Amino acid sequence: MKKVYLMVMLVLGFTISSCSSEQSLQEYYISSAENPNFMSFDLPSSLLDLEKANLSESEKEAASSLKKLNILAFQKKPENEEDYLVQKNAIKSILKSDDFSELMKMNTPFGKATIQLKGDDDTIDELVLYGDNDEKGLVLVRILGDDMNPASLMQLVKAVEKSDFEGKGLEQLGDLIKG
C-alpha cells in the first residue's frame, strides 16, 4: 500500500511541477473580460466582409487563414491608474515569454506599439498588436488564424483594406484611441 501511495505522490508531483505557472495570453483575455476597466470585443473574420471584396488569389488565400480577432482595451482614468500599471506590466510580461517573437516596434501619434507573433517560421498561429499610451490607456489585439503564412501578412492587410468593413460596433475603441 505504501508503494502505491508513493507512486501516486510521485506522479502527482511530476504533473504539478511540469505545469507552467505563467499566465497565457488566452487566460489573460478571459480573466480581463471580467474587469470593468476593460472593453472586450470578439470579432469573427466574417464581419470583415472579405467574401464580398474583389480579392486576388493570394489575398483570398491569406484571408481564408484568418479566423477571428480578439480586442481588449483599457481606458485609463485618474481613478484606475494603479490598475492600468498592473495590467500594462502583466501584458508586457506575457509578451516577453518565449511563446512570442517581436516582429516590430513602433512609436505612433497614439503611443508606443509592438507587433508580435506566435508560431514558427512557416506558420503563424497568432499575431498580436499591443499599444499603450500612459495618458489614454492600452489596446491588445489578437489576430487568430489557421496556419497563417508570414509572407502573406501584407496580402491579408490588402484584403482587409478592400473589404467593406467600416468598424461598426467599435466606436468605443476609436474613442479610446482618439482620447
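Keep in mind that what you see is a predicted model, and the values were worked out from it rather than measured. (Residues numbered from 1 in each chain as written. Predicted model: local features only at pLDDT ≥ 70, side-chain atom pairs only at ≥ 80, totals over all residues. Heavy atoms only, no water.)

Trainee: Teacher, can you tell me more about helix α4 (residues 81–95) here?
Mentor: Given 3.6 residues per helical turn, the α-helix brings residues three or four places apart onto the same face. Between the first and last C-alpha of α4 there are 21 Å, a value that for 15 residues agrees with the 21 Å anticipated at 1.5 Å per step. In this structure, the buried residues of α4 make contact with α2 (25–32), β1 (38–44), β2 (66–75), β4 (111–119), β5 (124–133) and β6 (137–148). (Helix = DSSP H or I, 4+ residues; strand = E, 2+ residues; numbered from the N terminus. Expected span 1.5 Å × (residues − 1). Contact = heavy atoms within 4.5 Å.)

Trainee: What should I look at first to understand the confidence of the model for the protein in this one?
Mentor: Do not read the predicted coordinates in detail wherever pLDDT is low. Averaged over all residues, the pLDDT of the protein is 76; the fraction at 70 or higher stands at 66%. Mean pLDDT across the secondary structure elements of the protein bottoms out at helix α1 (residues 2–18), with 45, and peaks at α4, with 95. The low-confidence segment residues 4–20 (pLDDT under 50) makes zero contacts with residues lying over four places distant or belonging to another chain. (pLDDT = per-residue confidence, 0-100.)

Trainee: Would you mind going over the environment of K136 with me for this structure?
Mentor: Relative to the helices and strands, K136 resides in the loop between β5 and β6. Taking C-alpha positions, K136 is 8.5 Å from F110, a pair spaced 26 residues apart along the chain.

Trainee: Is there a simple way to explain the side chain of K76 in this structure?
Mentor: With respect to the secondary-structure elements, K76 resides in the loop between β2 and α4. A polar contact is formed between the side chain of K76 and the backbone oxygen of D134, at a distance of 2.4 Å. Those residues in contact with K76 that sit more than four places away from it in its chain are E81, Y84, D134, E135, K136 and G137. (Polar contact = N/O pair within 3.5 Å; in protein donor to acceptor, adjacent residues only side chain to side chain.)

Trainee: I keep staring at the sheet that holds β5 and nothing clicks. Help me out?
Mentor: As a general point, the strands of a sheet are linked pairwise by backbone hydrogen bonds and lie either parallel or antiparallel. If you trace the six strands from one edge of the open sheet to the other, you get β1-β2-β6-β5-β4-β3, paired in antiparallel fashion. Only two strands of the sheet have a single partner each, and these edge strands are β1 and β3 (101–108). Between one strand axis and the next, the sheet turns by 15° as a mean value, whatever way the strands run. Of the strands in this sheet, β1, β2, β5 and β6 are in contact with α2, which crosses β6 at around 130°. Strands β1, β2, β4, β5 and β6 of the sheet are contacted by α4, whose axis makes an angle of about 150° with β5. (Pairing = 2+ DSSP bridges. Axes fitted to C-alpha atoms, helices over the stretch in contact; angles between N-to-C directions.)

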